[in-house]
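Observations on the model geometry
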Amino acid sequence: MSREKQRALKQSVAPYAKSNTKIGVFQLINTLVPFLIMWFLAYQSLTISVVLSLVCSVIAAGFVVRTFIIFHDCTHGSFLKSPKWNRLIGNVTGVLTHFPFEKWKHSHSIHHATSGNLDKRGTGDIWVMTVDEYKEASSFERLKYRLYRNPLILFGLGPLYLFLIENRINCKGAKRKERYNTYVTNICIVLIYVGMSMFVGWEAFLLVQLPIMYVSGAAGIWLFYVQHQFEDSYFENDHEWDFVKAAVDGSSYYKLPKIIQWLTGNIGYHHVHHLSPKVPNYYLEKTHENTPPLQTATTITLKKSLESISFRLYDEENQTFISFKEMKLANRLQSIRRSRGRTNRVG
């Protein structure tokens with residue numbers, strides 16, 4: 001795509017990069033009210049069946065994901081027109097989803113500015129190693145990476161690490177505003193947990209709340225993972241990296257069933273979001289449908305996305321993700337070719 005076409009593409013989505021207060025308020029209502037209702041039903045169901053309560057908690061977790069998308073839009077200042085209200089709602093939804101507003105806003109802005117840039121990885125990203133980097137890494141570094149990329153750890157222990165450690169601690173060098181915001185968020189979460197435990201009993205509260213946060217956390221990690229970890233995703237070194245190509249070619253269109261698309265706040269249109277973060281979630285689908293060049297983005301279905309679980313390393317030479325097994329096979333074939341080459345020279 002030429003520079004002229006890239007500029008034209010960015011300009012074509014500009015009309016959708018605007019907030020609508022009426023839609024935003026309605027989205028708050030149809031997200032937070034059902035969440036509170038499902039939380040209450042999960043609690044009430046404990047007297048009938050723990051399994052029934054768990055079902056209600058899983059549904060409530062879907063609304064937590066949708067709440068996070070509102071939080072996410074607020075960090076971009078795109079959910080409502082007023083910056084003040086974006087910050088206020090962002091902080092409230094940040095407490096509900098257990099994400100400190102200022103910290104995540106900072107790291108996520110870096111993610112947008114560096115997504116797909118091989119020379120600027122490490123902030124707000126899923127850890128990705130190239131084949132060459134993995135080969136040159138120490139045994140300990142390889143072990144850490146293998147453990148990190150293991151689905152049981154990434155999606156199983158990942159939510160616990162995210163909520164209990166990552167989101168509770170400030171990054172080194174964080175500014176005062178960011179540090180204090182994290183402290184306040186943590187205090188609010190503790191107060192809610194203590195207050196609710198006193199009100200409904202700590203056992204009942206944890207039986208309802210923990211499944212909600214765990215399921216929503218695993219779902220969130222999965223969404224973030226699959227929208228950048230697909231077979232022909234875009235990765236380039238800094239001198240060749242391009243923002244528009246990183247957005248359109250390095251972010252997938254995750255085509256989900258309508259109810260899941262609704263619960264995930266249209267974030268499946270991730271290529272649109274990366275091209276223009278100021279487009280609020282409630283306009284992402286419309287932007288995609290009315291902008292033909294965006295419809296060429298890699299489309300991934302729910303079934304197709306499951307293939308990404310096996311992706312481990314990025315192969316720069318072939319510009320694709322591969323598994324550890326595929327890397328071993330490639331190394332074996334390379335060794336055979338070298339052995340045959342030496343044999344031929346000797347012969």
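Please read these numbers as outputs of a predicted model, since none were measured by experiment.

1. Things to note about the packing of aromatic side chains
Enumeration according to the criterion identifies 29 aromatic pairs in this entry. Ring geometry for Tyr180 and Tyr183: centres 6.1 Å apart, planes at 40 degrees, overall tilted. With a gap of 3 residues between them, Tyr180 and Tyr183 both fall in helix α9 (residues 176-200), about one helical turn apart. You can call Tyr180 partly exposed: its relative accessible area is 43%. Ring pairing ties together the aromatic residues Phe68, Phe71, Phe99, Phe101, Trp104 and Phe163, which thus form one cluster. One residue, Arg142, lies across the ring of Tyr134, its end atom 4.9 Å from the ring centre. Between the NZ or CZ atom of Arg146 and the centre of the ring of Phe324, over which it lies, the distance is 3.9 Å.

2. So, helix α8 (residues 151-166)
With 16 residues, α8 extends just 18 Å between its outermost C-alpha atoms, more than 12% less than the 22 Å of an ideal straight helix rising 1.5 Å per residue. In the structure, α8 departs most strongly from a straight axis at Gly158, where the bend amounts to approximately 50 degrees and where the proline Pro159 lies between one and four residues downstream. Inspection of α8 places Leu154, Phe155, Gly156, Gly158, Pro159, Leu162 and Phe163 among the buried residues, and these make up the whole buried set. Between a side-chain oxygen at the N-terminus of α8 and the backbone nitrogen of Leu152 the separation is 2.9 Å; the capping residue is Asn150.

3. Topic: the UniProt feature "domain: Fatty acid desaturase" (unreviewed entry) in the chain
With numbering aligned to this structure, UniProt lists the feature "domain: Fatty acid desaturase" (unreviewed entry) at residues 54-291. Its end C-alpha atoms 41 Å apart, residues 54-291 is made of 67% helix and 2% strand.

4. Quick word on the environment of Gln227
Inspection of the secondary structure puts Gln227 in the loop between α10 (202-226) and α11 (243-250). For Gln227, a relative accessible area of 1% gives the class buried. For the pair formed by Gln227 and Lys258, sequence separation is 31 residues and the distance between their alpha carbons is 17 Å. Leave out the neighbours within four places in its chain, and Gln227 touches Gly250, Ser251, Ser252, Tyr254, Ile267, Gly268 and His270.

5. Focus: the sheet that holds strand β5 (residues 320-322)
Pairing in this open sheet of 3 strands is mixed, and the strands run β1-β4-β5 from one edge to the other. At either end of the open sheet lies a strand with only one pairing partner, and these are β1 (129-130) and β5. Here 2 bridges tie β1 to strand β4 (residues 313-315), and the two strands are oriented parallel to one another. The residue bridging Thr130 from the neighbouring strand is Tyr314, located in β4.

6. Let's talk about the UniProt feature "transmembrane region" (unreviewed entry) in the chain
Here the UniProt-annotated "transmembrane region" (unreviewed entry) positions come out as residues 21-42, 48-71, 180-200 and 206-226. For residues 21-42, the end-to-end C-alpha separation is 31 Å, with 100% helix and 0% strand making up the annotated structure. Here residues 48-71 runs as 92% helix and 0% strand, with 34 Å between its end C-alpha atoms.

7. Focus on unusual backbone geometry
Positioned with a positive phi, Asn266 is a non-glycine residue whose angle comes to about 60 degrees. Looking at the element boundaries, Asn266 is found in the loop between α12 (258-263) and α13 (270-275). On the accessibility criterion, Asn266 (14% relative accessible area) is buried.

8. Comments concerning the nonpolar core
Formed by 68 residues in total, the largest nonpolar core has its most connected members in Ile212 and Tyr225. For this core, the leading source of residues is helix α3 (residues 50-75), giving 11 residues. When sequence neighbours within four positions are dropped, the list of residues in contact with Ile212 reads Phe35, Trp39, Ser57, Ala60, Ala61 and Val64. In this structure, Tyr134, Ala137, Ile322 and Met327 belong to the second largest nonpolar core, which totals 9 residues.

9. Some remarks on a negative patch on the surface
Side chains of Asp119, Asp132, Glu136, Glu316 and Glu317 sit close together on the surface and give a patch of like negative charge. Assignment of secondary structure puts Glu136 in helix α6 (residues 131-136).

10. Considering the state of the cysteines
In protein structure, a disulfide is the covalent linkage between the sulfur atoms of two cysteines. Using the criterion set out here, one finds 0 disulfides in the structure. Unpaired in terms of disulfides, Cys74 finds its nearest cysteine sulfur in Cys188, a separation of 16 Å. The exposure class assigned to Cys74 is buried, which follows from its relative accessible area of 3%.

Definitions and cut-offs
- Residues numbered from 1 in each chain as written.
- Predicted model: local features only at pLDDT ≥ 70, side-chain atom pairs only at ≥ 80, totals over all residues.
- Heavy atoms only, no water.
- Phe/Tyr/Trp six-rings, centres within 6.5 Å; stacked < 30°, edge-to-face > 60°.
- Helix = DSSP H or I, 4+ residues; strand = E, 2+ residues; numbered from the N terminus.
- Buried < 20%, exposed > 50% of the residue type's maximum accessible area, 1.4 Å probe, protein only.
- Lys NZ or Arg CZ within 6 Å of the ring centre and 35° of its normal.
- Expected span 1.5 Å × (residues − 1).
- Bend = angle between axes of the 7 residues up to and from the residue.
- Polar contact = N/O pair within 3.5 Å; in protein donor to acceptor, adjacent residues only side chain to side chain.
- UniProt positions renumbered as here; feature names shortened; annotations may be inferred.
- Contact = heavy atoms within 4.5 Å.
- Pairing = 2+ DSSP bridges.
- Core = buried A, V, L, I, M, F, W, Y, C linked by side-chain atoms within 4.5 Å.
- Patch = residues over 30% accessible without salt bridge, like charges linked within 9 Å, V, L, I, M, F, W, Y side chains within 5 Å.
- Areas by Shrake-Rupley, 256 points an atom, 1.4 Å probe, with all protein chains shown as cover.
- Salt bridge = Lys/Arg side-chain N within 4 Å of Asp/Glu carboxyl O.
- Lys, Arg positive; Asp, Glu negative; His and termini not counted.
- Charge placed at Lys NZ, Arg CZ, Asp CG, Glu CD.
- Disulfide = S-S within 2.5 Å.

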